[in-house]
Amino acid sequence: MTTIIERRAVGKPLDRKDGPLKVTGTARYAYEYRFDNPLYLFPVQSEVARGWITSIDATAAEAMPGVIAVLSHENTPRLADTSDREYAVLQSGEVAFRGQYVAAVLAQTLEIARYGASLVRVSYDEEPHDVELRADRTDLYAPATVNPGYPTDTQEGDFDLAFASAAVKFDETYTTPMEHHNPMEPHTTVALWQAGDLTLYESTQGAHWDAGTLAQVFGLDRDRVRIMARYVGGGFGCKTLHANTVLAALGAQVAEGSPVKFALTRQQMFCGVGYRTPTIQWIRLGASEDGRLTAISHDVVEQTAKTKEFAEQTAVATRTMYATQSRRTTHRLAALDVPAPSWMRAPGEAPGMFALESAMDEMAIRCGVDPIEFRIRNEPEIDAETGLPYSSRNLVACLREGARRFGWADRDPRPRVRQEGRWLTGTGVAASTFPVIRFSGSVARITCAGDGRYVVEIGAADIGTGTWTALTQIAADVLGAGTSDIDLRIGDTTLPEASVEGGSSGITSWGSAIVEAARVFRGRHGTSPTQGDQAQAAAPDNPQAQRYAMHAFGACFARARVDADTGEVRIPHMTGVFAAGKIINPKTARSQIIGGMTMGVGMALHEESLVDARFGHVMNHDFATYHIPANADAGQFDIAWIDEEDTHVNPMGSKGIGEIGIVGASAAIANAVYHATGIRVRDLPITPAKLVR
Amino acid sequence: MKTFRYDRAGDISGAIATLAKERTGVFLAGGTNLVDLMKLGVMQPDVLVDVRRLTSTEIQDLPDGGLRIGAAVTNSELAADRRVRSRYPVLSQAVLAGASGQLRNLATTGGNLLQRTRCVYFYDTTTPCNKREPDTGCSALEGFNFGHAIFGASRHCVATHPSDMAVAMTALDAVVRIQGPGGERELPITELHRLPGHEPQRDTTLEHAELITAVDLPPPGFASNSRYRKVRERASYAFALVSVAAALHVRDDVVRDARIALGGVAHKPWRARRAEDALRGQPAVEESFRAAAQAELEDAAPLRENAYKVTLAGNVMTRMLLDLSVS
Amino acid sequence: MGVEITLRADGRGYRIEVDPRTTLLDALREHLGIYGPKKGCDHGQCGACTILLDGMRVNSCLALAVAHDGAEITTAEGLAAGGELHPMQRSFIARDAFQCGYCTPGQILSAVGMVNEAQAGWPSQVTGDAADGEVPLTDEEISERMSGNLCRCGAYANIVPAIREAAEAGRFW
């Protein structure tokens, strides 16, 4: 048991604190701090996917008025630590993927820098490249672990035997394409190097993490690096440290005291700042006649970069979702001449649950059981992966409440029998899950500001997640103050250390630190502190995490309409019911969920990064050709929470909800499209071309 | 972007005279396609001659009952004009299916006609493209061509024209009014855009320094019974997989006349004359419509990834003609 | 190389010298320090740069500053007159119609421009041909008309009611 905080502000749907700044366009994102005479940096990117630079001709660029310098591996300062090849920017002539930074122009204006970059001529000794992910490759290998440290393969019982003797069998392969995060704000850095101190205004999910890594890469004392990131225009996992930041810092070194501004173009967002690996997922299920799963296997093939391993944990959710005696999950990687993949909203769960929850739908149909009933019938007692009991698991309640709200009763399971005008209609359901993740190392500092007011400092991030407001609410409750009495400061490495915003871990990690700091503050200064009284603390480890498996669960429902003539798909309505412990702020939490589910619409229907194997890079590298949902693609969302009391997860009783929204969405949609059309699409995205008859 | 000289001429003749002397110059109107391409280095003009305020911003009634649309009329204004909406609904619908509200507020009639293909290889200066650089090859032929042509392509170029407005104007037999160094002339819109042949770098038949000054629509006739349908992957704000513009004249359950044009299928808006010929005199029933669509699609030459366009075009043509026959 | 132009932004006049290649977006941001309009794609594909230009919503990233000498521009900062938030801005806060906030200034200006267009009777792709006069802003109309403003955070389901409620509250331009 963890002592749960008293909730007064927590649980209220407060308006965002950062609202007025954001709606007036006065919240300052990284590029938007004013400097006198900044310099602008524009990169030159490789036009081969593999090879060596043989020459760089920068004469035309250097001759252009306004160009200060052209950086390349021939003249750029040496980095102290190049062990992580992603950060070894302009350190050698080796090219590891198409689009890698091979030079950069520093100039007095953005227009001059960009045009100058187009005049730099790079020659290469080109080598054959390999960028194709296929399941039949003979060089697939098993990584030591899959992110963030799970076993690569797992096995319970004897899958082959159980599957062979199953009364009902299912055996299909699903694929998800490469996807790019595409936050609305591109990666942005403004770097200033002065007297050995590096200052960055950065669009990042983890200012402290970035600063620590940069210090290592540049061989600096940690306290010589300062990063500010108060407002960040979205991340979804890609706004961690990539080559662009290192390049900006190198530019600042060369610029000797002038600030260097570097924002990626949207085109450049498709290369080198992370992406979700494509996946090829082989799912086999065996069940008894009465629809009880006796065998589950989930074998994943996905890609990584030759230069840096990233192993997406695609089959991990399958280890915990359903009860069975025999289960096997495996992950195999193809190392390619590509940039490194990175975490993209619900890494592992998002692609993995598309496959599993589509397969569960297909299997339910095969067993003649309603898809909701099928899942309930296979609900586990304990977490098979760890052997531990769940701290709380209310998937069944989510399915049942969702069914009630959505109107699932009396659903005719037959596909392709409902038509309204030219629209075929159907409904689908899928389960969602996301683990409760806590990163250690976050520290909060509380200072009494007099008159019942407090300053609360922690280097946390708000990338649209609502951190500014949620942490204010938690601080208010643990300090016995009103939310307007809390002056929260986040997004700066001069503030106490904070873990990266990722893994839906923010509130758990940072909130716990604030709770602990308040406890220490009260212990030291009592309930009537004087101005200047201060306390600082890190969240203690949670021993409950060794005794319980901690996950949030949810159920996602979709209504699909498919045009009988064209195969165009519309999702006019989705329902999502989630059991995620206590909801800190229902207004911002609902936004997280509709945001995740809307991204799920994109995952299901639109998104696909197309790599042309002849060249090695993504060809559809802009918003006109890489489609994310537009306003007309988002329908109505009905979101509800199961009131779940979990005293084990953290002092707030909350579970992370930033990613669970996307997890079940794509399968719910695929299942609804099947119900509407009778066409089962196992390869995302579900485009009209795949449905038109 | 390469530097350029910005020139604002005082009148049309001056603009033409200026551009005639600048072989590497272009006209600038709304800029919504030109500036886009210049940022990527796809087009690198040395001179921009701004004509946005020179040609007419009016939509005038013509004595014969048609309309004259000034080249500087914005897409928004064109789509909102009550005469266009009631007499040539296919045109209003086509314009509204294109781009976004913001783009339609700046994009002009002239500029919309002259917009260039959105082929990803054309847009990427690091991949071979005969349209951008003759004799470097067509990367789409063996590449990603699910959005490319099923009619009229050549092995030099399989790109499609992206304008919705042009498709509707093609169905309406619009006439483009042009002024150039050689004087004024008129051109049926079907002769404005080219098929790629062995010169894909030439999108249109316009000579250098020729300026579109207006587009004339003939008297509506049965155009008031017309419609535009655009099929795309997203519900809005995306280019067409396939689009259809059609006008239908039915009397006594027999098709008297039809006008059909297809978008997203060729280097120019595709006037479906075979379908039109197949329809005249036929009973206004689904079988006739489907047969007419088949007649047009018989000679479609799909690429590796775009065979679905043939099915799609057939279905949409059939459905639209059916809807028009009962309205 | 520089060309002198005049711009009026949020009620203030400015005289600046710009590279002909400079867009209105970069003129506002880099020359004038007005950062409300944002660079999301720089190619007219996302709408984050939306401003009101002579009263109309446009993508400032595709407008060359030299071609818009003398333009009257409104950004999100200018909507808040005398320190009071505009009804559209208040509605966005009330409905939580934003998350990271990067597309938000563009969304709000686009919404204001769009409401004016509907009030002027301009149709959209989902409006019938027969409709005349002011177009009622149903959710379908709002969604369609706002599709030129992408939001990766996926706040659309809140953006639509925020706009609808602000529009219903009355005329405000």
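Residues numbered from 1 in each chain as written. Chains lettered and ligands numbered in written order. Predicted model: local features only at pLDDT ≥ 70, side-chain atom pairs only at ≥ 80, totals over all residues. Heavy atoms only, no water.

Trainee: I'd like to hear about the overall build of chain A, residue by residue, with values.
Mentor: Of regular secondary structure, chain A possesses 15 helices and 26 strands. Taken over the C-alpha trace, chain A has a radius of gyration of 26 Å; the compact-globule value for 693 residues is 26 Å, and the two agree within 12%. Seen through its principal axes, chain A has C-alpha atoms that stretch 75 × 70 × 50 Å. Within chain A, buried positions represent 68% of all 693 residues. Contacts in chain A between residues far apart in sequence, at least 24 positions, make up 81% of those at least 6 positions apart. Of the roughly 22000 Å² that chain A leaves accessible, carbon and sulfur atoms contribute 48%. Taking the average location of the 66 positive side-chain charges in chain A and that of its 83 negative ones, the two points are 5 Å from each other. (Helix = DSSP H or I, 4+ residues; strand = E, 2+ residues; numbered from the N terminus. Rg over C-alpha atoms; globule rule 2.2 N^0.38 Å. Buried < 20%, exposed > 50% of the residue type's maximum accessible area, 1.4 Å probe, protein only. Contact = heavy atoms within 4.5 Å. Areas by Shrake-Rupley, 256 points an atom, 1.4 Å probe, with all protein chains shown as cover. Lys, Arg positive; Asp, Glu negative; His and termini not counted. Charge placed at Lys NZ, Arg CZ, Asp CG, Glu CD.)

Trainee: Before we move on, could you go through the overall build of chain B and cite the residues and values that matter?
Mentor: Check the secondary structure of chain B and you find twelve helices and twelve strands. What you see for chain B is a C-alpha radius of gyration of 19 Å, in line with the 20 Å of a compact globule of 327 residues. Taking the principal axes of the C-alpha coordinates as reference, chain B spans close to 60 × 50 × 35 Å. Burial analysis of chain B (327 residues in total) assigns 65% to the buried set. Here the analysis covers contacts within chain B between residues at least 6 apart in sequence; of these, 63% occur between residues at least 24 apart. Of the roughly 11400 Å² of accessible surface on chain B, a fraction of 48% belongs to carbon and sulfur atoms.

Trainee: Talk me through the nonpolar core; I want residue IDs and the actual numbers.
Mentor: Core analysis: the biggest nonpolar cluster contains 276 residues, and Phe218, Ile458 and Met574 of chain A together with Phe92 and Ile163 of chain C have the highest contact counts within it. Per-element accounting of this core gives the leading share, ten residues, to helix α7 (residues 349-367) of chain A. If we ignore the near neighbours within four places in the chain, the residues touching phenylalanine 218 of chain A are Leu79, Ala80, Trp193, Val246, Ala249, Leu250 and Gln253 of chain A. Counting residues in each nonpolar core, the second largest holds 37 residues, with Ile69, Val95, Leu96 and Ala261 of chain B among its members. (Core = buried A, V, L, I, M, F, W, Y, C linked by side-chain atoms within 4.5 Å.)

Trainee: Explain the interface of chain B and chain C residue by residue, including any values.
Mentor: Chain B puts 38 residues into the contact, and the matching count from chain C is 40 residues. Each partner contributes to the roughly 3200 Å² buried at the junction of chain B and chain C, and carbon and sulfur atoms together form 53% of this total. Here chain B is connected to chain C by two salt bridges. Across the contact surface, chain B and chain C share 19 residue pairs in polar contact (both at pLDDT 80 or more). Elements represented by at least two residues in the side of chain B that touches chain C include exactly β1 (5-8), α2 (34-39), β3 (47-50), α3 (75-80), α4 (82-87), α5 (89-97) and α6 (101-106) of chain B. (Buried area = accessible area lost by both parts, 1.4 Å probe. Salt bridge = Lys/Arg side-chain N within 4 Å of Asp/Glu carboxyl O. Polar contact = N/O pair within 3.5 Å; in protein donor to acceptor, adjacent residues only side chain to side chain.)

Trainee: Describe unusual backbone geometry, listing the residues and the values that go with them.
Mentor: All names here are of chain A. Here the residue pair asparagine 147 and proline 148 is connected by a cis peptide bond, since its omega of -15 degrees sits within 30 degrees of zero. Among the secondary structure elements, proline 148 is positioned in the loop between β7 (145-146) and β8 (150-151). For the bond running from leucine 684 to proline 685, omega is -5 degrees, close enough to zero to count as cis. Tracing the sequence through the fold places proline 685 in the loop between α14 (665-677) and α15 (688-691). For phenylalanine 236, which is not glycine, the phi dihedral falls at a positive 60 degrees. Judged by its relative accessible area of 12%, phenylalanine 236 falls in the buried class. You will see that serine 504, though not glycine, has its phi angle at about 55 degrees, which is positive. Along the polypeptide, serine 504 turns up in the loop between β22 (486-489) and α11 (506-525).

Trainee: Give a description of the sheet that holds strand β1 (residues 39-45) of chain A that names residues and reports values.
Mentor: Residue and element names in this part refer to chain A. Read from one edge to the other, the open sheet built from seven strands follows the order β3-β5-β1-β14-β11-β12-β13, with strand pairing classed as mixed. Each of the sheet's edge strands pairs with one partner strand only, and the pair in question is β3 (67-72) and β13 (225-228). Strand after strand, the sheet turns through a mean of 20 degrees between neighbouring axes, direction not considered. Pairing of strand β11 (residues 188-194) with strand β14 (residues 260-263) involves four bridges; the strand directions are antiparallel. Within β14, the residue paired with valine 190 across the bridge is lysine 261. (Pairing = 2+ DSSP bridges. Axes fitted to C-alpha atoms, helices over the stretch in contact; angles between N-to-C directions.)

Trainee: I'd like a rundown of the interface of chain C and chain A, residues and numbers included.
Mentor: Across the boundary between the two partners, chain C contributes 52 residues, which contact 62 residues of chain A. Counting every contact that joins chain C to chain A gives five salt bridges. In this structure, arginine 29 of chain C and glutamate 32 of chain A form a salt bridge, with 2.8 Å as the shortest nitrogen-oxygen distance. Taken together, the links from chain C to chain A amount to 30 residue pairs in polar contact (both at pLDDT 80 or more). The element best represented in the side of chain C that touches chain A is helix α6 (residues 156-168) of chain C, accounting for five residues. Here the side of chain C that touches chain A is built from residues that sort into 24 nonpolar, 15 polar and 13 charged. (Nonpolar A, V, L, I, M, F, W, Y, C, P; charged D, E, K, R; others polar.)

Trainee: Just give me the short version of the environment of arginine 614 of chain A, but keep the residues and values in it.
Mentor: With respect to the helices and strands, arginine 614 of chain A occurs in the loop between α12 (586-605) and β26 (636-641). Along the primary structure arginine 614 of chain A and threonine 109 of chain A are separated by 505 residues, whereas in three dimensions their C-alpha atoms are 35 Å apart. Arginine 614 of chain A has contacts with His129 of chain A together with Tyr121, Ser139, Glu142 and Gly143 of chain B, leaving out every residue within four places of it along the chain. Among the polar contacts listed, one links the side chain of arginine 614 of chain A to the side chain of aspartate 612 of chain A, at a separation of 2.7 Å.

Trainee: Which residues make up the packing of helix α10 (residues 467-479) of chain A against α11 of chain A, and what values do they have?
Mentor: All names here are of chain A. It is the contact of α10 with α11, at a shortest axis distance of 10 Å, that shows an interaxial angle of 30 degrees. Our classification of the angle between α10 and α11 gives roughly parallel. In this structure, the crossing between α10 and α11 has a hand that is right-handed. Of the residues in α11, those in contact with Thr467, Ala470, Leu471, Ile474, Ala475, Val478 and Leu479 of α10 are Ile507, Trp510, Gly511, Ile514, Val515, Ala518 and Arg522. Per-class residue counts for the contact of α10 with α11 are eleven nonpolar, two polar and one charged. (Parallel < 35°, antiparallel > 145°, perpendicular 65-115°, else oblique. Left-handed = near helix turned anticlockwise from the far one by under 90°.)

Trainee: Can you lay out the pairing of strand β1 (residues 3-9) of chain C for me, pointing to particular residues and giving the numbers?
Mentor: Residue and element names in this part refer to chain C. Pairing of β1 with strand β2 (residues 12-18) involves seven bridges; the strand directions are antiparallel. By the bridge assignment for β2, threonine 6 is matched with arginine 15. Joining the antiparallel neighbours β1 and β2 is a turn of two residues, in which aspartate 10 adopts a positive phi near 50 degrees. One ladder, built from two bridges, connects β1 with strand β5 (residues 72-74); its direction is parallel. In the strand pairing of β5, arginine 8 is matched with glutamate 72.

Trainee: Can you explain the domain arrangement of chain B? Please cite residues and give values.
Mentor: Looking at the assigned domains, one finds that chain B contains domain 1 (5-52) and domain 2 (226-325). Of note, the centres of domain 1 of chain B and domain 2 of chain B, computed from C-alpha atoms alone, are 36 Å apart. (Domains from an automatic or database assignment.)

Trainee: Give a detailed account of the pattern of salt bridges, specifying residues and quantitative values.
Mentor: Residues and elements named next belong to chain A. In this structure the tally under the stated criterion is 93 salt bridges over all chains. A salt bridge links glutamate 401 to arginine 404; its shortest N-O distance comes to 2.7 Å. Of the two residues, glutamate 401 and arginine 404 are both situated in helix α9 (residues 395-406); the distance of three residues between them amounts to about one turn of the helix.

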